[in-house]
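Notes for the structure review
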Amino acid sequence: MGSLFRSEAMCLAQLFLQSGTAYECLSALGEKGLVQFRDLNQNVSSFQRKFVGEVKRCEELERILAYLVQEINRADIPLPEGETSPPAPPLKQVLEMQEQLQKLEVELREVTKNKEKLRKNLLELIEYTHMLRVTKTFLKRNVEFEPTYEEFPPLENDSLLDYSCMQRLGAKLGFVSGLINQGKVEAFEKMLWRVCKGYTIVTYAELDEPLEDPETGEVIKWYVFLISFWGEQIGHKVKKICDCYHCHVYPYPNTAEERKEIQEGLNTRIQDLYTVLHKTEDYLRQVLCKAAESVYSHVIQVKKMKAIYHMLNMCSFDVTNKCLIAEVWCPEADLHELRRALEEGSRESGATIPSFMNTIPTKETPPTLIRTNKFTEGFQNIVDAYGVGSYREVNPALFTIITFPFLFAVMFGDFGHGFVMFLFALLLVINENHPRLNQSQEIMRMFFNGRYILLLMGLFSVYTGLIYNDCFSKSVNLFGSGWNVSAMYSSSHALAEHRNMVLWNDTIVRRSRVLQLDPSVPGVFQGPYPLGIDPIWNLATNRLTFLNSFKMKMSVILGIIHMTFGVILGIFNHLHFRKKFNIYLVSVPELLFMLCIFGYLIFMIVYKWLVYSAETSQVAPSILIEFINMFLFPASETNGLYSGQEHVQRLLLVVTALSVPVLFLGKPLFLLWLHNGRSCFGVSRQCTEVPVPPHPNRYLLFFFFLNNSHLRYGTGMVCSVGHRAGCGGAVSRAQIFNSLFSHSSMFSPFNFGEILMTQVIHSIEYCLGCISNTASYLRLWALSLAHAQLSDVLWTMLVRVGLRVDTTYGVLLLLPVIALFAVLTIFILLIMEGLSAFLHAIRLHWVEFQNKFYVGAGTKFVPFSFRLLSSKFGDDMA
Amino acid sequence: MLEGAELYFNVDHGYLEGLVRGCKASLLTQQDYINLVQCETLEDVKIHLQTTDYGNFLANQTNPLTVSKIDTEMRKKLCREFEYFRNHSLEPLSTFFTYMTCSYMIDNVILLMNGALQKKSVKEILVKCHPLGRFTEMEAVNIAETPSDLFNAVLVETPLAPFFQDCMSENTLNELNIELLRNKLYKSYLEAFYKFCKNHGDVTAEIMCPILEFEADRRAFIITLNSFGTELSKDDRETLYPTCGKLYPEGLRLLAQAEDFDQMRRVADHYGVYKPLFEAVGDGNGGKTLEDVFYEREVQMNVLAFNRQFHYGVFYAYTKLKEQEMRNIVWIAECISQRHRTKINSYIPIL
């Protein structure tokens, strides 16, 4: 079960679903999420498929549900989300559900329509009262402030008689009044002026309270206007313009009594409407509350139902229309589960004939399934982001679990930073069941999903930080330094020993700014520090030189080990895919090429570390020069690392040089030889090819062919075989199908040129890659240097300044300084540097490690599972 | 404007250009059309359109589905996209968009005036107006009785105002005058648009000018074709021709003298661009109509506009292509709903 080393073995299975039970079977399968369906109707367009009507019905239900959810949300009723997900509804209930929902929708639509109508009415009445109130002041103002207007004779202040006054004068004065949208006022007035050529008076005032726009439902500011005009013609035009600007025009009362009457009438009507509206709203709320209870389960059920029909659309019908045939990919380990699910489905629907399945052999590449848990998931994702593994190839995710955090930590190595990161990740891991974390937003979610990666990265950083002896850029002296300064003083040595040694005395110590410790002086270097770098290097001026040399060599060693491991994993792939020749013709030359050059480099590094001590360090040869000389065969003899070095190097070079042509030509030539060999024996092979002995069941099949003459096609047959033979069981059926459906294997034509080209390209890439990839691993050194230096800078620029101030103020100063230090540490050193180290670690895995063996050309296994349907209905419906 | 749009184009218009290219990729493909043609009912059309970029734009339509519902929803969708482009555009692209809407505005004004002449209510006609050419003053069009009235009262503040300069007359509005007004408006509109693109220079001019030249010539041909057998005098006819096309000036003079289709065809024979188009026209029954041939040519030019970058022509081309696509879908849907399948394949494929 579920090994992380390789993807799981898959098999192609055919499901025979009795048309009566197909729905239930798929429902059972969907709950378990075992299989991936293959589309058997790829060239049938979506509206010509079998279950298009059912899908349409589901869509109709979804539409109604979306409407319900929208209405419920608008009424601010909380939507209860059920904990459990209800199973897909049994077919019998679907009709009932549909009826129920449709009835609900009709009712709801009616009620909301009524409500809207009432609201609109109410709004109009309110607008009317506002208009009446405001225009009353207009008239007064008109009369009071525009007495000089030419057409008006000077009027007495009695505004109530205003209109009758005008009538007496014989002018046909008309009024249009109403409300207009605030934004349109200006254009409206301009147009009025242009059209009516100034024969109108427009007065308007802003309404203090904003009202709802009945068309858009927005709450906006309105203006009340009153247009007075002369003449019928202009009146028509004014009305048209009012229409054009969507003004709400209300009749204008002529006399004060009328106005009062209208106002009173309006008030009572508004009161009435309010009560009616309240009642309607109460009723609506009741209906919605009732609907809200079941809407969640309905949404889930409809989604499941739709998913089932989509899957059924992928199945093909057999000729008799009695049976649906589905082809699925299923992990071999889950086959019995699949059988049980089918039985369950059949039992549930109470069918007399069970649905069954059998496996069929196939030449197609199955999808890749690697079962992960919450710990391995993150690492698998890193690998999958590069490419989903080909079927059954070695999965690098298994090794990534350790190598990824380790390479990250080599770059990020700092005890303190690592510990902070570890604590953060630990917090996430401990609280991983917290609901807020599960539903967190994008960036937080990213951290949350990678919590186990972070945890390991933090742990490994603590380890490498200990090795580098870095804690927030400071070294920790845990075990006591291995260097003894006092041994350098001349007083601590006997005179006889003084000869060759540069020792210190008081004057030297006082005068020189830099003093050098000499490890060859006895007693100065007392042995290596037990773990990691000696803390005394923190004081040394040549610390960087020392660390650079150390880290550079370390990165090369790590890199070459990592890459060699990748090539070795390639061997496992070749073994599994039964291509042994690949091992001898590809993997072994590759290994030799790598080890003879770079393996030897490692050997030299380690040899030099072990053999040369402080005393002999003066005569130690440079590895760089030695390595270059290995290729150049210089005339002048250098004193090498060891005796016989020249011969060993020559031998290694010869092996390297020999492995290159093998790498280039070995595989293509071998394949060519195989191909030719096969074609030589071809004639005899064809003769000796033994036909597959027919299985007894095949006779059974033929027997039925004879009996049921109306069945013309084998597929249709099998059901009847299944029915009647009954006891035959799945095995015999499987064999019938094996014999019926065994496809003739497809031979791809042998193309020597293509194989040669591929191999040549691969080899060139590999040989050049060995050099460039090794250089690429130097980023381990570069990034760890950058990280150390950056944290060092932060320390000297901030904390050291804070610590230098004398104690009285220092305490006050230290608080902000430490706070700033903490913030900068988190943002620059942890997040920014962490991200960059993360990216480089990813690159080292994807490019340098995985290209040695990983193809990554597979497709992911996507099971038909209800769990993959989004269970939240807020996102896609409302 | 300076040459070298590639240096600064993306600062202002890069986002929109990217967007419109994305939108263009969502046009229906040949396969989609093949599938659409196979549909049996409008429901099938709806289901198929759901698998394309139209998505479930018809999901909230209650049954039964009609062609006009599909049409309005598609128009709404185009309008939404166009409004989005327009709201996010900067000068001079926004002016370009304004020019694009002008043609729809002219059509709407003329439609409303015709409606007013036939005493139909404004609301009834408003539904038929193209949403891209909507403007607030539009509904007041029926106030005016003469073109100058129309200009002074209603259109003076709209983008259409400058095109009115040539058609201010005190004639009463009857059907012929309205048609003349439309063509005059269109003529000055096309010329103004052409001038705008020409002045803008750069790739925009290189792309848009040929398209507009073609548009102008197409109008000239169509006007000529429609004027056969009417009381329109030849001189009047010539004043209606847009002068920014390839036919200007000799071709237009010849067209003004043409008296039947064959003479028109002879005029077109002088031009390498139009000769093959007229040759493609089938005679009488069967074969393509002149209109279809012109549409095909337009689609071709619009598709080619997408081959160049850093110009405004893509917006124009996209809108036109989308319109053509909508015409195609409506055509197919009409054929399906009227069970008139013989002509269902005569839509204009967008390559």
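Residue indices follow the written sequence of each chain, beginning from 1 at its first position. Labels are handed out in written order, letters beginning with A for the chains and numbers beginning with 1 for the ligands. The model is predicted, so local features are restricted to residues of pLDDT at least 70 and side-chain atom pairs to those at 80 or more, both for listing and for counting; the totals for chains, interfaces and linings are taken over all residues. Values reported for side chains reflect all heavy atoms of the structure, with hydrogen atoms and water molecules removed beforehand.

What about the overall build of chain A?
- Only DSSP runs of H or I covering at least 4 residues are called helices, and only runs of E covering at least 2 are called strands; the numbering of each starts at the N terminus. The helix and strand inventory of chain A stands at 26 helices and eleven strands.
- Looking at chain A as a whole, 44% of its 878 residues qualify as buried.
- Residue burial considers only the protein chains on display, and all accessible areas are found by Shrake-Rupley using a 1.4 Å probe. Carbon and sulfur atoms form 61% of the exposed surface of chain A, whose accessible area is close to 47600 Å². Working definition: with a 1.4 Å probe on protein chains only, accessible area under 20% of the residue-type maximum means buried, over 50% means exposed, and in between means partly exposed.

Some points on the pattern of salt bridges
- Definition used for salt bridges: Asp or Glu carboxyl oxygen within 4 Å of a side-chain nitrogen of Lys or Arg. Within the structure shown, the criterion is met by 34 salt bridges over all chains.
- When salt bridges with common partners are traced through the structure, they connect Lys32(A), Glu337(A), Arg340(A) and Glu344(A) into a single cluster.

Examining the packing of aromatic side chains
- We call Phe, Tyr and Trp rings a pair once their centres come within 6.5 Å, taking the six-membered ring for Trp, and we label the pair stacked below 30 degrees between planes, edge-to-face above 60, and tilted otherwise. Across all of its chains, the model carries 62 aromatic pairs over all chains by this definition.
- When the centroid spacing of 5.6 Å and the interplanar angle of 65 degrees are considered together, the rings of Phe479(A) and Tyr529(A) count as edge-to-face. Of the two residues, Phe479(A) sits in the loop between α14 (451–468) and α15 (506–511) while Tyr529(A) sits in the loop between α15 and α16 (543–576), which places them 50 residues apart along the sequence.
- When its relative accessible area of 9% is taken as the criterion, Tyr529(A) is described as buried.
- Through a chain of ring-to-ring contacts, three or more aromatic side chains come together here, namely Phe9(B), Phe96(B), Tyr99(B), Phe163(B), Tyr186(B), Tyr189(B), Phe193(B), Phe196(B), Phe310(B), Tyr312(B) and Tyr316(B).
- A cation sits over an aromatic face here: Arg109(A) above Tyr67(A), 4.0 Å from the ring centre.
- Positioned above the aromatic ring of Phe448(A) is the side chain of Arg451(A), whose terminal nitrogen or guanidinium carbon lies 4.3 Å from the ring centre. Both a distance and an angle decide whether a charge sits over a ring: NZ of Lys or CZ of Arg must be within 6 Å of the ring centre and within 35 degrees of the ring normal.

Focus: a nonpolar patch on the surface
Residues and elements named next belong to chain A.
- Residues form patches when they are more than 30% accessible in relative terms and have no salt bridge. Like charges link within 9 Å. Nonpolar side chains (Val, Leu, Ile, Met, Phe, Trp, Tyr) link within 5 Å. A contiguous nonpolar patch, built from Leu624, Ile625, Ile628, Phe631 and Leu632 and spanning about 470 Å² of accessible area, is present on the exposed surface.
- Among the secondary structure elements, leucine 632 is positioned in helix α18 (residues 623–632).
- According to the relative accessible area criterion, leucine 632 is exposed, its value standing at 57%.

Some thoughts on the sheet that holds strand β3 (residues 173–181) of chain A
Residues and elements named next belong to chain A.
- Strand order in this open sheet of four strands is β4-β7-β3-β8, and the pairing throughout is antiparallel. Among the strands making up the open sheet, the edge pair consists of β4 (200–206) and β8 (248–250). Ignoring which end each strand starts from, the neighbouring axes of this sheet average 25 degrees apart.
- The pairing of β4 with strand β7 (residues 222–230) spans seven bridges and is classified as antiparallel. Any two strands with at least two DSSP-identified bridges between them are counted as paired. In this analysis an axis means a line fitted to C-alpha atoms, helices contributing only their contacting stretch, and an angle means the value between N-to-C directions, from 0 to 180 degrees.

Considering the UniProt feature "coiled-coil region" (unreviewed entry) in chain A
- UniProt positions are given in the numbering used here, feature names are shortened, and annotations may be inferred rather than shown by experiment. UniProt's entry tags residues 94–128 of chain A with the feature "coiled-coil region" (unreviewed entry), counted in the numbering of this structure.
- Across residues 94–128 of chain A one finds 100% helix and 0% strand; the C-alpha atoms that close the span lie 50 Å apart.

Considering the pairing of strand β10 (residues 323–331) of chain A
Residues and elements named next belong to chain A.
- Counting buried positions along β10 gives nine out of nine residues, so the element sits mostly inside the fold.
- Where burial is concerned, the two faces of β10 agree: the one with Cys323, Ile325, Glu327, Trp329 and Pro331 and the one with Leu324, Ala326, Val328 and Cys330 are both buried.
- Where strand β1 (residues 10–18) and β10 come together, nine bridges link them in antiparallel fashion. Bridging across to β10, cysteine 11 finds its partner in cysteine 330.
- Where strand β2 (residues 36–37) meets β10, two bridges bridge the pair, whose relative direction is antiparallel. Along β10, the bridge assignment pairs glutamine 36 with tryptophan 329.

Quick word on the UniProt feature "transmembrane region" (unreviewed entry) in chain A
Residues and elements named next belong to chain A.
- Taking the numbering used here, the UniProt-annotated feature "transmembrane region" (unreviewed entry) corresponds to residues 406–430, 451–468, 554–572, 584–607, 651–674 and 809–832.
- Along residues 406–430, the helical share is 92% and the strand share 0%, with 23 Å between the first and last C-alpha atoms.
- Helix makes up 100% of residues 809–832 and strand 0%, with an end-to-end C-alpha separation of 33 Å.

Thoughts on the packing of helix α10 (residues 397–412) of chain A against α14(A)
Residues and elements named next belong to chain A.
- In contact at an axis separation of 8 Å, α10 and α14 are set at 50 degrees when each is read in the N-to-C sense. One way to sum up the angle between α10 and α14 is to call them oblique. Crossing handedness for the pair α10 and α14: right-handed. For the pair α10 and α14, the contacting residues are Ile401, Ile402, Phe404, Pro405, Phe406, Phe408, Ala409, Val410 and Phe412 in the first and Ile453, Leu456, Met457, Phe460, Ser461, Tyr463, Thr464 and Tyr468 in the second. Orientation labels follow simple angle bins: below 35 degrees gives roughly parallel, above 145 gives roughly antiparallel, 65 to 115 gives roughly perpendicular, and whatever is left gives oblique. In this scheme the crossing of two helices becomes right-handed for a clockwise turn of the near helix relative to the far one and left-handed for an anticlockwise turn of less than a right angle. Between two residues, a contact is recorded if the distance between any of their heavy atoms is within 4.5 Å.

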